Amino acid sequence: MKTKTLVLSAALFVAACTHPADVSHPLTEVADKNAHLTIKDTAEGFSVEVRYSRYQFVPEADALMVACRSLVTARAYDEAKTRGREIEPINEQTIRVSTGRNILKGRTACRAFATATWKR
């Protein structure tokens, strides 16, 4: 009985171990299976759209909205850096965000959109 408990405890311990994602690369290089990014040029800069979803046993739409806003902002600054130009600061109030939930799959999703304008 003790051996089974020890083996089960060890298995649970190993299964619970995770490692953080590599954040040293720009978002363009990181393949996040939960995020889909789209960039389109505009007359004064570019727009960034993020579609992000993840499994959540307990729905936390607020946390997902924060993650979505963060992703769209970070992606805009990464894109500007890649292009060798600066953009005007992105006001969080101008980022459009929407959330939804698929109760059958347990996935909460969000979609965020922001426009980046080149600095003059």
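Structure: see above.
Everything quoted here is computed from the prediction, not taken from an experiment.

Within the protein, the regular secondary structure consists of two helices and four strands. The helix and strand sequence of the protein, counted from the amino end, reads α-β-β-α-β-β. Counting across all 120 residues of the protein, residues that qualify as buried make up 24%. Taking contacts inside the protein between residues at least 6 apart in sequence as the whole, the part at least 24 apart equals 61%. Surface summary for the protein: the accessible area is close to 8900 Å², and the carbon and sulfur share equals 57%.

Below, the discussion takes up the sheet that holds strand 2 (residues 45-55). Ordered in space as 1-2-4-3, the four strands form an open sheet in which the pairing is antiparallel. In the strand order of this sheet, the two ends are held by strand 1 (35-42) and strand 3 (96-102), each with one partner. Strand after strand, the sheet turns through a mean of 10 degrees between neighbouring axes, direction not considered. In the sheet, strand 1 pairs with strand 2 via eight bridges, with the strands oriented antiparallel. Counted as the bridge partner of Lys40 is Ser47 from strand 2. In the packing of helix 2 (residues 61-83) onto the sheet, contacts are made with strand 1, strand 2, strand 3 and strand 4 (107-117), and the angle to strand 2 comes to roughly 145 degrees.

On to the nonpolar core. With 19 residues, the main nonpolar core has Phe46, Val50, Tyr52, Val72, Ala76 and Ile87 as its most contacted residues. Of all the elements in the fold, those that place two or more residues in this core are strand 2, helix 2 and strand 4. For this core, the element with the highest residue contribution is helix 2, accounting for six residues.

Tallying each qualifying case throughout the model produces one aromatic pair. Over the ring of Trp118 we find Arg85; its NZ or CZ atom is 4.3 Å from the centre of that ring.

We now examine helix 2. The end-to-end C-alpha distance of helix 2 is 33 Å, a good match for the 33 Å that 23 residues give at a rise of 1.5 Å each. For helix 2, the complete set of buried residues consists of Leu64, Cys68, Leu71, Val72, Arg75, Ala76, Glu79 and Ala80. Where helix 2 is buried, its residues contact strand 1, strand 2 and strand 4. Following helix 2 by one or two positions, Gly84 has its phi on the positive side, about 75 degrees.

Before going further, it helps to spend a moment on the state of the cysteines. Simply put, the disulfide is a covalent bond whose two ends are the sulfur atoms of two cysteines. Tallied over the full model, the rule gives one disulfide. A sulfur-sulfur distance of 2.2 Å marks the disulfide that ties Cys68 to Cys110. In this structure the cystine formed by Cys68 and Cys110 twists about its S-S bond by roughly 105 degrees; its chirality is therefore right-handed. A residue pair is termed long-range when its members are at least 10 positions apart, and Cys68 in helix 2 and Cys110 in strand 4 qualify at 42 residues. Of the residues examined, Cys68 reaches a relative accessible area of 0% and is grouped as buried.

Rules and cut-offs
- Residues numbered from 1 in each chain as written.
- Predicted model: local features only at pLDDT ≥ 70, side-chain atom pairs only at ≥ 80, totals over all residues.
- Heavy atoms only, no water.
- Helix = DSSP H or I, 4+ residues; strand = E, 2+ residues; numbered from the N terminus.
- Buried < 20%, exposed > 50% of the residue type's maximum accessible area, 1.4 Å probe, protein only.
- Contact = heavy atoms within 4.5 Å.
- Areas by Shrake-Rupley, 256 points an atom, 1.4 Å probe, with all protein chains shown as cover.
- Pairing = 2+ DSSP bridges.
- Axes fitted to C-alpha atoms, helices over the stretch in contact; angles between N-to-C directions.
- Core = buried A, V, L, I, M, F, W, Y, C linked by side-chain atoms within 4.5 Å.
- Phe/Tyr/Trp six-rings, centres within 6.5 Å; stacked < 30°, edge-to-face > 60°.
- Lys NZ or Arg CZ within 6 Å of the ring centre and 35° of its normal.
- Expected span 1.5 Å × (residues − 1).
- Disulfide = S-S within 2.5 Å.

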